[in-house]
Amino acid sequence: MTPAWTTDAATDDPARAVRLTLFWGLEGVCLRTIAGGRVPTVTEGPLRRRLDEADLPVVALDPGLFEGSVASRASWLNEIDQLDEVAAFGARFGSRLIRVGALSDPDGFDAEAATQALRQVGERAERLGLTFAVRNEAGTAIATGAALAGLLAAVDHPAVGADWRPADALMSGEAPGEGLAALGAANVPVRCVGVRDGWQEADGWGEAEVGAGTLGWDAHLGALVEAGVEAPLVIDVLPVPPRSSGLASATALVRALRQARRSAAARG
């Protein structure tokens with residue numbers, strides 16, 4: 001597992017993003033909004049130079065696809081047509097992993113329609129040499145690991161796996177360990193892990209640095225290592241101010257990952 005972050009959690013400036021990545025001890029980046037645009041529609045030159053100089057890999061792209069309703073057929077069909085551009089951008093940056101939504105409205109979600117749509121998405125992705133990671137997201141019909149496992153088991157396509165977000169599951173009332181177990185039981189590959197931490201408050205979710213909330217990242221990373229997950233670990237959200245909280249979160253994530261690996265090795 002590669003510890004990384006989504007750079008616009010703190011900055012969309014390529015030079016600053018690279019400096020922070022190196023300073024925090026992270027090993028890769030996920031690109032979402034950078035250099036004044038949303039991937040793949042960004043100014044590439046400065047970004048590519050900075051990444052090449054630092055020898056930093058792009059572990060994933062997050063172009064904002066398939067985040068609407070499956071009922072909006074024209075919209076997601078248009079997004080399928082955009083995959084050629086996404087694939088070309090990914091090839092130039094050495095990244096084939098694409099993080100996407102689950103076409104999941106909170107109300108009136110049509111699971112069968114979403115299954116068929118994501119299978120179609122997977123077929124196009126496979127032809128383009130892409131791998132998709134579909135996220136569970138609080139506030140949608142696919143908020144938990146169990147819901148994501150059920151959807152992706154039905155999709156049953158080798159190019160389509162999970163973007164597992166345990167904090168979103170926790171916000172939605174599911175213990176993170178239960179969600180990961182559901183994905184494993186359904187044989188759904190975890191292709192990316194979204195990292196954030198916090199706690200449930202009376203008026204919603206309170207954001208915290210990684211390791212300072214109630215998610216239990218030490219134990220969850222241990223479970224991920226035990227499950228043989230090799231997906232990138234991507235810090236997606238940082239508390240304000242992001243640059244100071246980013247250092248604390250990255251340090252905690254790297255330390256917890258090292259400890260999880262040591263513990264697994266000691267057990268043989």
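Data block above holds the structure.
Our subject in this report is the structure included herewith.

About the thresholds
Residues numbered from 1 in each chain as written. Predicted model: local features only at pLDDT ≥ 70, side-chain atom pairs only at ≥ 80, totals over all residues. Heavy atoms only, no water. Salt bridge = Lys/Arg side-chain N within 4 Å of Asp/Glu carboxyl O. Helix = DSSP H or I, 4+ residues; strand = E, 2+ residues; numbered from the N terminus. Buried < 20%, exposed > 50% of the residue type's maximum accessible area, 1.4 Å probe, protein only. Pairing = 2+ DSSP bridges. Axes fitted to C-alpha atoms, helices over the stretch in contact; angles between N-to-C directions. Parallel < 35°, antiparallel > 145°, perpendicular 65-115°, else oblique. Left-handed = near helix turned anticlockwise from the far one by under 90°. Contact = heavy atoms within 4.5 Å. Nonpolar A, V, L, I, M, F, W, Y, C, P; charged D, E, K, R; others polar. 1 Å grid on protein atoms, 1.4 Å probe; cavity = no way out; pocket = protein on both sides within 12 Å on 5 of 7 lines; lining within 4 Å. Points joined across faces, edges and corners; volume = space filled by probe spheres on them. Phe/Tyr/Trp six-rings, centres within 6.5 Å; stacked < 30°, edge-to-face > 60°. Expected span 1.5 Å × (residues − 1).

Things to note about the pattern of salt bridges
Oppositely charged side chains are able to pair whenever their charged atoms sit close together. Under the counting rule described, the total for this entry stands at 13 salt bridges. Put simply, Arg-32 and Asp-8 hold a salt bridge, and the shortest N to O gap is 2.6 Å. Here Arg-32, found in the loop between β2 (28-31) and β3 (33-34), pairs with Asp-8, found in the loop between β1 (3-6) and α1 (14-24); they are 24 residues apart in sequence, far enough to count as distant. We note a salt bridge from Arg-38 to Asp-62, for which the minimum N-O separation is 3.3 Å. Pair noted here: Arg-38 is in strand β4 (residues 37-38) and Asp-62 is in the loop between β5 (58-61) and α3 (73-81), with a separation of 24 residues, a long-range link. Here Arg-38 falls in the partly exposed class, since its relative accessible area comes to 33%. Judged by its relative accessible area of 5%, Asp-62 falls in the buried class.

Brief notes about the pairing of strand β11 (residues 204-208)
Of the pairings in the sheet, the one linking strand β10 (residues 197-201) to β11 comprises five bridges and is antiparallel in character. Residue pairing for β11: Gln-200 is matched across the bridge by Trp-205.

Description of unusual backbone geometry
Residues Val-39 and Pro-40 are joined by a peptide bond in cis, for which omega reads 5 degrees. When you line up the elements, Pro-40 lands in the loop between β4 and α2 (44-54). Between Val-240 and Pro-241 the backbone carries a cis peptide bond, its omega angle lying at -5 degrees. Here Pro-241 shows up in the loop between β12 (233-235) and α10 (242-266). A positive phi angle, near 50 degrees, is found at Asp-156, a position not held by glycine. Summarising the element assignment, Asp-156 is placed in the loop between α6 (145-155) and β8 (160-164).

A closer look at the packing of helix α8 (residues 176-185) against helix α9 (residues 217-226)
Closest axis-to-axis distance for the α8/α9 pair is 10 Å, and the angle between their directions is 15 degrees. Put simply, α8 runs roughly parallel to α9. Judged by the sense of rotation from one axis to the other, the crossing of α8 with α9 is right-handed. Judged by residue contacts, Pro-176, Gly-177 and Leu-180 of α8 engage His-220, Ala-223 and Leu-224 from α9. Looking at the contact of α8 with α9, its residues break down into four nonpolar, two polar and no charged.

Structural notes on empty space enclosed by the protein
Evaluated as defined, the whole model comprises two cavities of 30 Å³ or more. Considered as a void within the structure, the largest cavity measures approximately 50 Å³ in volume. Arg-165, Ala-167, Asp-168, Gly-194, Val-195, Arg-196, Asp-236 and Val-237 together form the lining of the largest cavity. Those elements that provide at least two residues to the lining of the largest cavity are α7 (166-171) and β9 (190-195). Of the residues contributing to the lining of the largest cavity, the split by class is three nonpolar, one polar and four charged. By volume, the second largest cavity amounts to about 30 Å³. In this structure, the second largest cavity is lined by Thr-7, Pro-14, Ala-17, Val-18, Thr-21, Val-29, Leu-31, Ile-34, Leu-47 and Leu-51. Residue assignment for the lining of the second largest cavity shows that the elements contributing at least two residues are α1, β2 and α2.

As for the packing of aromatic side chains
As enumerated under the stated definition, the model contains three aromatic pairs in all. Ring centres of Trp-5 and Trp-24 lie 4.7 Å apart, and the angle between their planes is 65 degrees; this geometry places the pair in the edge-to-face category. On the criterion of sequence distance, the pair formed by Trp-5 in strand β1 and Trp-24 in helix α1 is long-range, its members being 19 residues apart. Assigned by exposure class, Trp-5 and Trp-24 land together as buried. For the pair Phe-89 and Phe-93, a centre-to-centre distance of 4.5 Å together with 25 degrees between the ring planes defines the contact as stacked. Separated by four residues within a single helix, Phe-89 and Phe-93 lie in helix α4 (residues 83-93), roughly one turn from each other.

Quick word on α10
Given a rise of 1.5 Å per residue, 25 residues ought to cover 36 Å, and the 35 Å separating the end C-alpha atoms of α10 matches this to within 8%. Turning to α10, its buried residues number three or more, namely Ser-245, Gly-246, Ser-249, Ala-250, Leu-253, Val-254, Ala-256, Leu-257, Ala-260 and Ala-264. Gly-268 lies just past α10 and shows a positive phi near 95 degrees.

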